[in-house]
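One-letter residues, chain by chain:
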Amino acid sequence: MTHSGFRSFFARFLSARAVVCFIATLAVSPAYSENDRVFERTLANGLKVVVKEDRRAPVVTQMVWYRIGSMDETDGSSGLAHALEHMMFKGTPKIGAGEFSRLVAAAGGRDNAFTSRDYTAYFQQIPREKLGEMMALESDRMGNLIVAPEEFAQEIKVVMEERRMRTDDNPQALLFEQTNAVAFQTHPYRRPVIGWMDDLMHMTAAAAKTWHTTWYAPNNATLVVCGDVGHEAVFRLAERHYGGMKARSLPIRRIQAEPTQKGIRRLTVKGPAELPMLLMAWKTPGIERIGAEEPVDPYALDMLAAILDGHAAARLPQRLVRERQIAANVGASYDSLGRGPALFYFYGSLLPGHTPEVLEKALRAEIADIAEHGISEGELKRARAQLIASRVYARDSVFGQAMEIGSMEVLGFSFQAIDAINDRLEEVSAADIRAAAQKWFGDDTLTVGVLEPISLEEASVRSN
């Protein structure tokens, strides 16, 4: 669950393909009721199939989600999950390199893919009568992908250029990447999804092929189909196209736990920028299980982010941008759902005449004010109303519904848990939010990153 201010930062957890398609579905959607007609079945080979019937238009979205992302990589192999995503479009014995997307377009559809820290997913949006063709294409590359050395050599250059454009030449993105790497010292979330440049330079086609052989198995995937379909017909198609694939023995995942942070961490990143930027990241709890017995803290933090930066009149933009004019932009964000630990972010770009220290003090004061005095019922009602509006918007498209269902499933939560999450959010009280502000924003769990602007000339000298 995320809020508008976090979109630019959260997008950096994903490959470039994902940014446009994922932003539209960042909000939590309404609970699934009996009338929503969601059905599920698990094939004998372990592939879970979830079907959401939506008859409003003669279109279908097929998504295949793999429970494998950058957090499953090891030191020295960062970026491998994302590089393999690129190679998934490079052909099989049946389909030549680059032909996959051409065939989807010829069927009147569009396709793409994205990689995150927690998962990798592929999708096609097509006319309903083309679903069987798309399943044939998708199952083919699940089981028969060719990773040709010559194709990989060319594609890894594309990935490296993507890294240069999105991170190395983007000071704000570099600040986020570096702060993330300092906040997490042992957990694999410290590595960027796109990978470190040195790892990309030394990556091999053989490593990418091994990644595919190891993890791209039906028992490590979830198939989501949403749109103008009948669930029984979809189950039959899934059995025809995916059912013959064999399950594989998946390696045991040993994810290194993050040790307890015992003091504030600070870093400075220098880059060619017009304005200094501040990024503050606190370690906070995420949702580990879903139910009435779970602590309220993740839900209170989610609502706190909405109160601080969930709408145009929220506290941070109103007080620090429009009233005090300290920052050109400022925001807060939090994502409670993931396979790893959560962070709560404050960030902002300074206006001339102000320093990062001034903004840090102002942001701390906003949290301290909520911790001491709490929030008004009016603020809480506005934040809830904004979330509800976002849910309605997200549910407008079959693609948005597929995104929501697939992300819940691949993170280890059933799509049915959306009901419980929404119920808990609705139950969050002003007292819960005040308690969260008091509990989770101490210095011992804080990492502070500052972007220090330098000239283009100085940046050029530093890069040589």
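Preceding this section is the structure that the text describes.
Each value, and the rule that gives it
Residues numbered from 1 in each chain as written. Predicted model: local features only at pLDDT ≥ 70, side-chain atom pairs only at ≥ 80, totals over all residues. Heavy atoms only, no water. Helix = DSSP H or I, 4+ residues; strand = E, 2+ residues; numbered from the N terminus. Rg over C-alpha atoms; globule rule 2.2 N^0.38 Å. Buried < 20%, exposed > 50% of the residue type's maximum accessible area, 1.4 Å probe, protein only. Contact = heavy atoms within 4.5 Å. Areas by Shrake-Rupley, 256 points an atom, 1.4 Å probe, with all protein chains shown as cover. Salt bridge = Lys/Arg side-chain N within 4 Å of Asp/Glu carboxyl O. Pairing = 2+ DSSP bridges. Axes fitted to C-alpha atoms, helices over the stretch in contact; angles between N-to-C directions. Parallel < 35°, antiparallel > 145°, perpendicular 65-115°, else oblique. Left-handed = near helix turned anticlockwise from the far one by under 90°. Nonpolar A, V, L, I, M, F, W, Y, C, P; charged D, E, K, R; others polar. Polar contact = N/O pair within 3.5 Å; in protein donor to acceptor, adjacent residues only side chain to side chain.

Enquirer: Would you explain the overall build of the protein in this entry?
Expert: When its secondary structure is counted, the protein shows 18 helices and 11 strands. For 464 residues, the compact-globule estimate of 2.2 N^0.38 gives 23 Å, and the protein sits close to it at 22 Å. If you line up the protein on its principal axes, its C-alpha atoms span 60 × 60 × 40 Å. A buried classification covers 57% of the 464 residues belonging to the protein. For the protein, the share of sequence-separated contacts (at least 6 apart) that also reach a separation of at least 24 residues comes to 81%. Accessible area of the protein: about 18900 Å², with a carbon and sulfur share of 52%.

Enquirer: Before we go on, may I ask you to explain the pattern of salt bridges in this structure?
Expert: For side chains of opposite charge, pairing can occur when their charged atoms come near one another. Tallying each qualifying case throughout the model produces 29 salt bridges. Between D443 and R364 there is a salt bridge, and its shortest N-O distance comes to 2.8 Å. Separated by 79 residues along the polypeptide, D443 in the loop between helix 17 (430-439) and strand 11 (446-454) and R364 in helix 13 (residues 356-373) bring together distant segments of the chain. In this structure D443 comes out as partly exposed when scored by relative accessible area, which is 36%. Residue classification places R364 among the partly exposed residues on the basis of a relative accessible area of 25%. The network of salt bridges with common partners includes R315, R319, E366, D369 and E379.

Enquirer: Help me understand the sheet that holds strand 5 (residues 120-127), please; the structure alone is not making it clear to me.
Expert: The six strands lie next to each other as 1-2-6-3-5-4, forming an open sheet whose pairing is mixed. Strands with a single pairing partner mark the edges of an open sheet, and in this sheet they are strand 1 (38-42) and strand 4 (110-115). The average angle at which neighbouring strand axes cross in this sheet is 15°, direction not considered. The pairing of strand 2 (residues 48-53) with strand 6 (residues 221-227) spans six bridges and is classified as parallel. Bridging from a neighbouring strand, K48 pairs with T222 of strand 6. Taken strand by strand, helix 3 (residues 80-87) contacts strand 4 and strand 5, and its axis lies near 165° from that of strand 4.

Enquirer: I keep staring at the sheet that holds strand 11 and nothing clicks. Help me out?
Expert: The strands making up a sheet are joined through hydrogen bonds of the backbone, oriented either antiparallel or parallel. Overall, mixed pairing links the five strands, which are arranged 7-11-8-10-9 in an open sheet. At either margin of the open sheet sits one strand with a lone partner, and together these are strand 7 (265-272) and strand 9 (327-334). Averaged over all neighbouring strand pairs, the angle between strand axes comes to 15°, with direction disregarded. As paired elements, strand 9 and strand 10 (residues 342-350) share seven bridges and run antiparallel to each other. Looking at the pairing, V330 lines up with G348 of strand 10. The strands that helix 7 (residues 171-183) touches are strand 7, strand 8 (277-284), strand 10 and strand 11; relative to strand 7, the one it contacts most, it runs at about 160°. Of the strands in this sheet, strand 9 and strand 10 touch helix 12 (residues 315-323), which is tilted by about 160° from strand 9.

Enquirer: Would you mind showing me how to read the pairing of strand 10 here?
Expert: Put simply, side chains in a regular strand alternate between the two faces of the sheet. Counting buried positions along strand 10 gives nine out of nine residues, so the element sits mostly inside the fold. Note that strand 8 and strand 10 share eight bridges and pair antiparallel. Looking at strand 10, one finds that W282 is bridged to F344.

Enquirer: What am I meant to see in the packing of helix 12 against helix 13 here?
Expert: Each pair of packed helices can be summarised by the angle the axes make with each other and by the distance between the axes. Between helix 12 and helix 13, the shortest axis-to-axis distance is 11 Å and the interhelical angle comes to 140°. Relative to helix 13, helix 12 is oriented oblique. As for how helix 12 packs across helix 13, the hand of that crossing is right-handed. Of helix 13, the residues touching helix 12 (which contributes R315, L316, R319 and L320) are L359, A362, L363, E366, D369 and I370. When grouped by side-chain class, the residues that make up the contact of helix 12 with helix 13 number six nonpolar, no polar and four charged.

Enquirer: Help me understand unusual backbone geometry, please; the structure alone is not making it clear to me.
Expert: Most peptide bonds take the trans configuration, and most residues that are not glycine carry a negative phi. Here Q325, not a glycine, exhibits a phi torsion of approximately 55°, which is positive. Along the chain, the position of Q325 falls in the loop between helix 12 and strand 9.

Enquirer: Looking at this structure, I do not really get the environment of N45. What am I missing?
Expert: Mapped onto the elements of the fold, N45 is located in the loop between strand 1 and strand 2. According to the relative accessible area criterion, N45 is buried, its value standing at 6%. Not counting residues up to four positions away in its chain, the partners in contact with N45 are P218, N219, Y242, G243, M245 and A247. There is a polar contact of 3.1 Å between the side chain of N45 and the backbone nitrogen of L47. One polar contact links the side chain of N45 to the main-chain carbonyl oxygen of Y242, over a distance of 2.9 Å.

Enquirer: How should I be thinking about the side chain of R339 in this particular structure?
Expert: Mapped onto the elements, R339 comes out in the loop between strand 9 and strand 10. Among the polar contacts made by the side chain of R339, one reaches the side chain of D72 at a distance of 2.8 Å. A polar contact is formed between the side chain of R339 and the backbone oxygen of D118, at a distance of 2.8 Å. Excluding residues that lie within four positions of it along the chain, R339 makes contacts with R67, I68, G69, M71, D72, D118, Y189, R253 and L411.

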